[in-house]
Amino acid sequence: MMGATSCKMTEGQEREPIEVGEHIAKEVIANYKNRLSYMNRALVADWYLSTEDEALRNEITDKFLPYGYEYEITHSNDTVHIFYRYIYIPRDEERMVELNRYITDGKLLSEGGTWQTVNYNAQITPAEEGYRFTTTDSDLAIMNVEYDANEGINYTIDGLVNASYKQNSISLDSEITTTLEHKYSNRNSIFKSGAISAVCDDERTGTHDEVKITFKSYYKANVEYRGQMGSVSY
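All values reported here derive from a predicted model rather than from experimental measurement. (Residues numbered from 1 in each chain as written. Predicted model: local features only at pLDDT ≥ 70, side-chain atom pairs only at ≥ 80, totals over all residues. Heavy atoms only, no water.)

K.L.:
When you look at helix α1 (residues 17-49) in this model, what are you seeing that I'm missing?
P.N.:
An α-helical segment advances 3.6 residues per turn. Residues three or four places apart therefore align on the same side. Over its 33 residues, α1 extends 49 Å from the first C-alpha to the last, a length consistent with the 48 Å expected when each residue adds 1.5 Å. Of all the bends in α1, the greatest, near 30°, is centred on Leu-36. (Helix = DSSP H or I, 4+ residues; strand = E, 2+ residues; numbered from the N terminus. Expected span 1.5 Å × (residues − 1). Bend = angle between axes of the 7 residues up to and from the residue.)

Below, the structure written as structure tokens:
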């Protein structure tokens, strides 16, 4: 976020105001995608564990988990593990790596369970029409979840993400102002429609920047900043 709230580059080169707005928008979108990655993996694991259809399980791991490795998803001792295996070529040995781990109350999400991520402070709890995903700096309602092995996992989102960059004395507060339509497909978060309003405050310079982000098409968002219009890809 260095330089994001100033219309000058650190070297003194002038910057168009919309470039600042676009920089802030990219950071806001990255914040949402980062937090939703834990939600998406949890939904993938729950979907996998909710079926005994081996063909569907293979489709789920092949299409919705990264790297293309062989995956194993387990739920035992109130813990959900997502592992992948690969062959370490120099030694020709099989290795198992933990991708994600969730502590549960013994139930799947689809059974009304509560999951807590390990190594990241996030909790997923049952809520009306879906789930509530919370961290120390975000509170998101995940609603209307639909699963399709071909189309991906679709759901809607409301709520907020408030990020702080203490080393730079910058805060970036954002709120969903028009419900986001979200798709998790091709191992990526896609925002099909909706809008986010963000405020970026820099204590060092006393700047206060407001940005509106509107999703109109896959992988692209319109940006409104100080009366100018721009766009970003993500």
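K.L.:
Teacher, can you tell me more about the environment of Leu-43 here?
P.N.:
Mapped onto the elements, Leu-43 comes out in helix α1. Residue classification places Leu-43 among the buried residues on the basis of a relative accessible area of 0%. As a C-alpha pair, Leu-43 and Tyr-184 span 141 residues in sequence and 10.0 Å in three-dimensional space. Contact partners of Leu-43, with chain neighbours within four places excluded, come to Tyr-131, Val-145, Tyr-147, Ile-153 and Tyr-155. (Buried < 20%, exposed > 50% of the residue type's maximum accessible area, 1.4 Å probe, protein only. Contact = heavy atoms within 4.5 Å.)

K.L.:
Even after reading the chapter, I still don't get the pairing of strand β3 (residues 93-104), so can you show me in this structure?
P.N.:
Here ten bridges tie strand β2 (residues 79-88) to β3, and the two strands are oriented antiparallel to one another. Looking at the pairing, Tyr-88 lines up with Glu-93 of β3. Taken together, β2 and the strand that follows it, β3, pair antiparallel across an intervening segment of four residues, in which Asp-92 is found at a positive phi of about 50°. As judged from the three bridges shared by β3 and strand β4 (residues 115-117), these two strands associate in the antiparallel manner. Looking across to β4, one finds that Ile-103 is bridged to Gln-116. (Pairing = 2+ DSSP bridges.)

K.L.:
For this particular structure, what's the right way to read the nonpolar core?
P.N.:
Across soluble globular proteins, nonpolar side chains have a tendency to be buried as a group. Ranked by internal contacts, the top residues of the largest apolar core, which has 61 residues, are Trp-115, Leu-140, Ile-142, Ile-157, Phe-191, Ile-213 and Phe-215. Top contributing element to this core by residue count: α1, with 16 residues. Beyond its immediate chain neighbours, meaning those up to four positions away, Ile-142 contacts Leu-36, Met-39, Glu-129, Gly-130, Tyr-131, Phe-133, Tyr-155, Thr-156 and Ile-157. (Core = buried A, V, L, I, M, F, W, Y, C linked by side-chain atoms within 4.5 Å.)

In short, shape yes, function no, at least from these values alone.
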